[in-house]
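Residue-level structural notes
Take a look at the letters that make up each chain.
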Amino acid sequence: MAKGYLVGTYRSVRDPEKLAAYGKLAKPALEAAGGRILARGGRVTAFESGLAERTVLVEYPSYDAAVAAYESEAYQRAVAVLDGGAERDVRVVEGLD
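Here is what the cut-offs are and how they apply
Residues numbered from 1 in each chain as written. Predicted model: local features only at pLDDT ≥ 70, side-chain atom pairs only at ≥ 80, totals over all residues. Heavy atoms only, no water. Helix = DSSP H or I, 4+ residues; strand = E, 2+ residues; numbered from the N terminus. Rg over C-alpha atoms; globule rule 2.2 N^0.38 Å. Buried < 20%, exposed > 50% of the residue type's maximum accessible area, 1.4 Å probe, protein only. Core = buried A, V, L, I, M, F, W, Y, C linked by side-chain atoms within 4.5 Å. Pairing = 2+ DSSP bridges. Salt bridge = Lys/Arg side-chain N within 4 Å of Asp/Glu carboxyl O.

Attention now moves to the overall build of the protein. Along the protein, the regular secondary structure elements total three helices and four strands. Sequence-ordered secondary structure for the protein, helices as α and strands as β, is β-α-β-β-α-α-β. Taking 2.2 N^0.38 as the reference for a compact globule, 97 residues should give roughly 13 Å; the C-alpha atoms of the protein span a radius of gyration of 13 Å, in line with that estimate. Along the first, second and third principal axes, the C-alpha set of the protein runs to 40 × 35 × 15 Å.

See below:
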């Protein structure tokens, strides 16, 4: 079964305090759903039309598990705490294996 990846990029951070509160809830929620955080922040180099934005990459055993993690009650509580504190692009992608 192909793995699933939750990918989030931050276009802007409007409220660092909300982002910190979100992070305290989001990390344990994503990990409790079976996620393994592969990248969080750190250096980013963008090529072609890309933007060098803060990026988070979380690996799941399957695409469905990644979608379920995003939709989980625990993670949605974290999203509610963020409450417009950041503009993000979040997606789930299916791996090749």
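We are not done yet, so read on.
In this model, Glu 48 sits at a positive phi of 55 degrees, which is unusual for a non-glycine residue. Looking at the element boundaries, Glu 48 is found in the loop between strand 2 (36–40) and strand 3 (54–60). With phi around 40 degrees, Asp 83 is a residue other than glycine that occupies positive phi space. Along the polypeptide, Asp 83 turns up in the loop between helix 3 (73–82) and strand 4 (86–94). What makes Asp 83 exposed here is its relative accessible area of 52%.

So, about the nonpolar core. Ranked by internal contacts, the top residues of the largest apolar core, which has 17 residues, are Leu 6, Tyr 10, Tyr 22, Leu 30, Val 58, Tyr 60 and Tyr 75. Counting residues per element, this core draws most heavily on helix 1 (residues 16–32), at five residues.

To continue, consider the pairing of strand 1 (residues 4–13). Consecutive side chains along a regular strand alternate between the two faces of the sheet. Relative to strand 3, strand 1 runs antiparallel, the two being bridged by seven bridges. Following the sheet pairing, Gly 8 is matched in strand 3 by Val 56. Sheet topology note: the strand 1/strand 4 ladder contains nine bridges and is antiparallel. Across the sheet, Gly 8 pairs through a bridge with Val 90, a residue of strand 4.

Let's shift gears to the pattern of salt bridges. Note that side chains of opposite charge can pair when their charged atoms are close. Applying the stated rule across the entire model yields nine salt bridges. For the salt bridge of Arg 11 with Asp 89, the shortest nitrogen-to-oxygen distance reads 3.2 Å. Separated by 78 residues along the polypeptide, Arg 11 in strand 1 and Asp 89 in strand 4 bring together distant segments of the chain. Of the residues examined, Asp 89 reaches a relative accessible area of 18% and is grouped as buried. For Lys 18, the salt bridge is made with Asp 83, and the minimal N-O distance between the two is 3.3 Å.

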